[in-house]
Amino acid sequence: MLEAVGVKLRDLVHPGKLHLSELKGRRVALDAYNMLYQFLATIRQADGHPFTDAEGRVTSHLVGVLYRTASMLERGVLPVWVFDGKPSDLKSSTLRARAMVKEKAQRAWNEALAAGDLETARKKAAQTSRLTREMVADAQAVLSAMGTPWVQAPSEGEAQAAFMAEKGDVWAAASEDYDTLLFGAPRLLRGLGSARSASRGDDAEVEFLEVGKVTQELGISREELILIGVLIGTDFNEGVPGIGPKKAMKLVAEHQGWEATLQKAGVDPTGLDPVRDLFLHPATTEDYHLQWKAPDTAKVLELLVTGHGFGADRVQKVLDRLPKSAPSSGVQTSLEAFG
DNA sequence: GTGCCGGC
DNA sequence: GCCGGCACG
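Calculation rules
- Residues numbered from 1 in each chain as written.
- Chains lettered and ligands numbered in written order.
- Predicted model: local features only at pLDDT ≥ 70, side-chain atom pairs only at ≥ 80, totals over all residues.
- Heavy atoms only, no water.
- Helix = DSSP H or I, 4+ residues; strand = E, 2+ residues; numbered from the N terminus.
- Buried < 20%, exposed > 50% of the residue type's maximum accessible area, 1.4 Å probe, protein only.
- Domains from an automatic or database assignment.
- Contact = heavy atoms within 4.5 Å.
- Buried area = accessible area lost by both parts, 1.4 Å probe.
- Core = buried A, V, L, I, M, F, W, Y, C linked by side-chain atoms within 4.5 Å.
- Salt bridge = Lys/Arg side-chain N within 4 Å of Asp/Glu carboxyl O.
- Axes fitted to C-alpha atoms, helices over the stretch in contact; angles between N-to-C directions.
- Parallel < 35°, antiparallel > 145°, perpendicular 65-115°, else oblique.
- Left-handed = near helix turned anticlockwise from the far one by under 90°.
- Nonpolar A, V, L, I, M, F, W, Y, C, P; charged D, E, K, R; others polar.

Let us now look at the environment of Gly244. Locating Gly244 in the fold gives a position in the loop between α9 (222-232) and α10 (245-252). Since its relative accessible area comes to 24%, Gly244 is described here as partly exposed. Each C-alpha atom, one on Gly244 and one on Val315, is 46 Å from the other, the two residues being 71 residues apart in sequence.

Printed below as a string of structure tokens:
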């Protein structure tokens, strides 16, 4: 995707592939903000403007939520969307940097529009995506109406998704960010979105990473994987100038431990202890109930059609595709039977 | 993101 | 049938 955020582990890991059909009957925790930002970046008009309703409120993310949730349920996959809570203080400089990138992209978007360069306009517009509280609340309301559970993470959604996967409440976490592995997710799915062929009925493939295999292949522990992340840089620390994935791996492979490795890399280790602690012991909650219910058709139509001007027959068609066997809450012959 | 239409 | 490209909100 365009916005490469999180730790850059791509050059070190060798992801496997998984057919979507292999996810059938399995619960998957979706990094909601990660998905919503992807929708906002992708679901735009030619000039870069996102979809909006008659009141000018952005709806692109709702299009994504509707179709993504429906297509997963239709395939027998049980999605649970995990939303970010309050970001860690350690993330503030990353967030500031992202805000600046957005402002710069906004200016470039305006310039490209003025110049009539639609291709650049759309590209730059994709980088300006913002999520408001109202947009998040809208997405959550649609999910609830669809009978699909969502979880409010205390802080990082990825950390919460990783926790749920570790506990076995879900089979895997889905995010484009490798940070999810540092947070201890045993299984990570990437590229859930880039499966265009999926919509043509194919059994598309997604990237599949197991933290156990990653560490085994690299011959390191999970803490050493975190150390690699810290050396390269994560959303929670800057990283060491001049050290990329290769050099970080080389340093860590000497197995000298956290302090000695960081010292050798020329940084003060003590300042980075909070980053390690964040990855090893992130804020999580057990306050969630995973239950997949039959969609409340009238509610979905009210939210999207009445509330946001979606085409009624379009939404109805999506609803018609959803598994109908899903009963109301508490009944055991539910979609629970799939998972 | 995904459906759908119309061209081959 | 398959595939590119537009439409959707």
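Before going further, it helps to spend a moment on the domain arrangement of chain A. Per the domain assignment, the segments making up chain A are domain 1 (8-218) and domain 2 (219-281). With 22 residues of domain 1 at the contact, the number on the domain 2 side is 19 residues. The junction of domain 1 with domain 2 conceals about 1900 Å² of combined surface from both sides, 66% of it contributed by carbon and sulfur atoms. Considering only the side of domain 1, the residues that lose the most area to domain 2 are Leu90, Leu182 and Leu218, jointly responsible for 33% of the buried surface there.

With that settled, consider helix α1 (residues 32-42). A large share of α1 lies buried, amounting to eight of its 11 residues. Listed in full, the buried residues belonging to α1 are Ala32, Asn34, Met35, Leu36, Gln38, Phe39, Leu40 and Ala41. Where the residues of α1 are buried, they touch β2 (27-31), α2 (60-74), β3 (78-83), α4 (118-126), α5 (133-145) and β5 (172-174).

Our focus in this paragraph is the nonpolar core. The biggest cluster of nonpolar side chains holds 98 residues, and the ones touching the most others in it are Leu9, Trp81, Met164, Leu189, Ile228 and Leu231. Built from parts of two domains, this core gets at least three residues from each of domain 1 (8-218) and domain 2 (219-281). Those residues within four positions of Leu189 in sequence are excluded, and the remaining contacts are Leu18, Leu23, Val28, Ala172, Ala173, Ala174, Ser175, Val206, Glu207 and Phe208.

In this structure the tally under the stated criterion is 14 salt bridges. Among the salt bridges present, the one from Lys213 reaches Glu210, with a minimum N-O distance of 3.4 Å. Accessibility expressed as a relative area gives 51% for Lys213, which makes it exposed. Ionic contacts of the salt-bridge type, sharing partners, join the residues Asp53, Glu55 and Arg57 into one network.

Let's shift gears to unusual backbone geometry. Excluding glycine, a negative phi dihedral is what most residues carry, and trans is how most peptide bonds are arranged. Of note, His255 is a non-glycine position whose phi angle comes to about 50 degrees, a positive value. Note on placement: His255 falls in the loop between α10 and α11 (257-264).

Where helix α3 (residues 92-114) meets α4, the axes come as close as 8 Å, and the angle between the chain directions of the two elements is 160 degrees. Between α3 and α4, the interaxial angle falls into the category roughly antiparallel. In terms of crossing hand, the pair formed by α3 and α4 is left-handed. In this structure, α3 contributes Ala105, Ala108, Trp109, Ala112 and Leu113 to the contact, and α4 contributes Leu118, Thr120, Ala121, Lys124 and Ala125. When its residues are assigned to classes, the contact of α3 with α4 shows eight nonpolar, one polar and one charged.

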